[in-house]
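# Coordinate inspection notes
Residue strings, one per chain:
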Amino acid sequence: LASAVAAFVIAFSLVMLNTDLHNRCIPEHKKMTMQQFIRNNRGVNGGGSLPEEVLRGYYERIRAREIRMADADQFESDASRFPGADKAG
């Protein structure tokens, strides 16, 4: 990568992609597509872009396997959800 800033931007982008693809509250039709992910990361490498095959690889691996913290299950209980979060209006 061209700089520490580029590394930070890509890392943040990967976290956001992971959240988008694996959040059960986001309907399937609203999840980020590979083309959207590639477009969102244009020019982030010191004004240039990472090779498309690299971005495709990131997307495919994250889509296939969610990035999770080792003890993330403690945060997955229904008790950690906001009351009424599933209600409209």
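For the structure itself, consult the block above.
Only a predicted model underlies this, so the values are computations on that prediction, with no experimental measurement involved.

Let us now look at helix H3 (residues 52-64). A turn of α-helix holds 3.6 residues, and therefore any two residues three or four places apart point the same way. Relative to the 18 Å expected for 13 residues at 1.5 Å per residue, H3 spans 18 Å between its end C-alpha atoms, a close match to the ideal helical length. For H3, the full list of buried residues reads Leu55, Gly57, Tyr59 and Ile62. For H3, the elements touching its buried residues are helix H1 (4-22) and helix H2 (34-40).

On to the pattern of salt bridges, then. Taken as a whole and assessed by the stated rule, the structure comprises three salt bridges. Linking Arg56 and Glu52 is a salt bridge whose minimum nitrogen-to-oxygen distance equals 2.8 Å. A residue pair is termed a helical-turn pair when its members lie 3 or 4 positions apart in one helix, as Arg56 and Glu52 do in helix H3 at four residues. Taking relative accessible area as the criterion, Arg56 reaches 28% and is therefore assigned partly exposed. By relative accessible area, Glu52 is classed as partly exposed at 39%.

What counts and what doesn't
- Residues numbered from 1 in each chain as written.
- Predicted model: local features only at pLDDT ≥ 70, side-chain atom pairs only at ≥ 80, totals over all residues.
- Heavy atoms only, no water.
- Helix = DSSP H or I, 4+ residues; strand = E, 2+ residues; numbered from the N terminus.
- Expected span 1.5 Å × (residues − 1).
- Buried < 20%, exposed > 50% of the residue type's maximum accessible area, 1.4 Å probe, protein only.
- Contact = heavy atoms within 4.5 Å.
- Salt bridge = Lys/Arg side-chain N within 4 Å of Asp/Glu carboxyl O.

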